[in-house]
Amino acid sequence: MNLENLYRQVILDHYKNPRNKGLKGYPKVRIKNPSCGDDITVEAKVSEGLIEEINHEGSGCSICCSSASVLSETLGGKTTAKAEELIQKFYSMIKGEDEGDEELEEALVYQGVSQFPARIKCATLPWKALERLLKGDDDE
Ligand code: ZN
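All residue numbers refer to positions counted from 1 along the written sequence of the respective chain. In keeping with the model being predicted, local features are shown solely for residues with a pLDDT of at least 70 and side-chain atom pairs are shown and tallied solely at 80 or more, while totals for entire chains, interfaces and linings include all residues. As a convention, hydrogens and water are excluded, and side-chain values are obtained from all of the structure's heavy atoms.

Draft legend 1. Spotlight on the side chain of T74. Strands here are runs of E lasting at least two residues and helices are runs of H or I lasting at least four, both read from the DSSP assignment and numbered beginning at the N terminus. In this structure, T74 sits in helix 2 (residues 62–75). Exposed residues in this analysis have more than 50% of their type's maximum accessible area, buried residues have under 20%, and partly exposed residues fall in between, with area computed by a 1.4 Å probe over protein chains only. On the accessibility criterion, T74 (1% relative accessible area) is buried. The term polar contact refers here to a pair of N or O atoms within 3.5 Å; inside protein, the definition further demands a hydrogen-donor-capable atom paired with an acceptor-capable atom, and it admits residues adjacent in sequence only when both atoms are side-chain atoms. A polar contact of 2.7 Å, which involves the side chain of T74, links it to the backbone oxygen of V70. For T74, the contacting residues outside a window of four places in its chain are L104, E105, E106 and A107. In what follows, residue pairs with any heavy atoms lying within 4.5 Å of each other are defined as contacts.

Draft legend 2. Representation of the coordination of the zinc ion. Sites may look incomplete because water is not among the atoms; the donors themselves are N, O and S atoms within 2.8 Å of the metal, or within 3.2 Å for Na, K and Ca. C36 (SG), D38 (OD), D38 (OD), C61 (SG) and C122 (SG) make up the full set of protein donors to the zinc ion, lying at 2.1 to 2.7 Å. In the primary sequence, the donor residues of the zinc ion line up as C-x1-D-x22-C-x60-C. Within this pair, whereas C36 is found in the loop between strand 1 (28–33) and strand 2 (38–47), its partner C61 is found in the loop between strand 3 (50–59) and helix 2, the two being separated by 25 residues in sequence. Residue class for C36 comes out partly exposed when judged on its relative accessible area of 30%. Residue class for C61 comes out buried when judged on its relative accessible area of 12%.

Draft legend 3. Structural context of the nonpolar core. Nonpolar cores were defined as sets of buried Ala, Val, Leu, Ile, Met, Phe, Trp, Tyr and Cys residues, with membership established by side-chain atoms within 4.5 Å. By size, the foremost hydrophobic cluster in this structure holds 39 residues, and its most contacted members are V42, L75, F90, Y110, W127 and L130. Sorting the residues of this core by element identifies helix 1 (3–16), strand 1, strand 2, strand 3, helix 2, helix 3 (80–94) and helix 4 (117–134) as the ones contributing at least two each. The biggest single contributor to this core is helix 4, with eight residues. Among all residues touching W127, those that are not within four sequence positions of it are S67, L71, L75, L86, I87, F90, Y91 and A107.

Draft legend 4. Up close: the pattern of salt bridges. We count a salt bridge whenever a side-chain nitrogen from Lys or Arg sits within 4 Å of a carboxyl oxygen from Asp or Glu. Throughout the structure, instances matching the rule amount to 15 salt bridges. Here K78 makes a salt bridge to E105, at a shortest N to O gap of 3.2 Å. Taken together, the residues K78 in the loop between helix 2 and helix 3 and E105 in the loop between helix 3 and helix 4 connect sequence positions 27 residues apart. Judged by relative accessible area, K78 falls into the buried class, the value being 18%. Members of the salt-bridge network, linked through shared partners, are K82, E85, K89, D101 and E103.

Draft legend 5. How the structure looks around the layout of surface pockets. In this structure, the largest pocket spans a volume of roughly 450 Å³. Forming the walls of the largest pocket are 19 residues, and the residues nearest its centre are E4, V109, G112, V113 and F116. Broken down by secondary-structure element, the contributors of at least two residues to the lining of the largest pocket are helix 1 and helix 2. If one sorts the elements of the lining of the largest pocket by residue count, helix 1 sits on top with five residues. Definitions used throughout: a 1 Å grid over protein atoms alone; a cavity as a set of points that fits a 1.4 Å probe which cannot get out; a pocket as an open set with protein on both sides within 12 Å along at least five of seven lines; a lining residue as one with an atom within 4 Å of a point. Grid points are joined across faces, edges and corners, and a volume is the space filled by probe spheres set on the points.

Draft legend 6. The arrangement of the pairing of strand 1 in detail. Alternating residues of strand 1 divide into V29, I31 and N33, all buried, and K28, R30 and K32, none buried. The hairpin formed by strand 1 and strand 2 contains four residues between the paired strands, and G37 there has a positive phi angle of roughly 90 degrees. In this analysis, strands are considered paired if DSSP registers two or more bridges between them.

Draft legend 7. Representation of the sheet that holds strand 2 within the structure. The strand order 1-2-3 describes an open sheet built from three strands, whose pairing is antiparallel. Since the sheet does not close on itself, it has two edges, and those belong to strand 1 and strand 3, each with one partner. Between one strand axis and the next, the sheet turns by 20 degrees as a mean value, whatever way the strands run. When strand 2 meets strand 3, the two strands line up antiparallel, connected through nine bridges. Bridging from a neighbouring strand, A44 pairs with I54 of strand 3. For helices, the axis comes from a line fit to the C-alpha atoms of the stretch in contact; other axes are also lines fit to C-alpha atoms, and the angle between any two N-to-C directions lies between 0 and 180 degrees. Here helix 4 sits on the sheet and contacts strand 1, strand 2 and strand 3; the angle it forms with strand 1, its principal contact strand, is near 150 degrees.

These results come straight from atomic positions and should not be treated as a statement about function.
What follows is the structure, encoded as structure tokens:
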């Protein structure tokens, strides 16, 4: 199995079996991508600079929904400072500016999205929601 197929498998697995799906009532941000129909809400429990938990809910394409699941696993448990750094690293990888930092862990599977400009918004949508959350710009 080549790397591209492996990445596709991981994305499909997160799409079919999303981790941390279902909101629990923490501060949240809802964000939409009208061009694809993605509609995702991301919430986070942050305490003293540590993201204790990230959950998500919503509907959309496989790239967007799986990305919310991967985001919850990759950045849950990180400090807010580290998460902000990794969000920027994710954006530069998705834009094709670099291959992606290994600190992105499982999120590296979205490397190939840079070749499909129409999907970039799908992959980054949940990350943008968390970025807003960390800035204190939540929906409530
Ligand atoms: Zn999408």
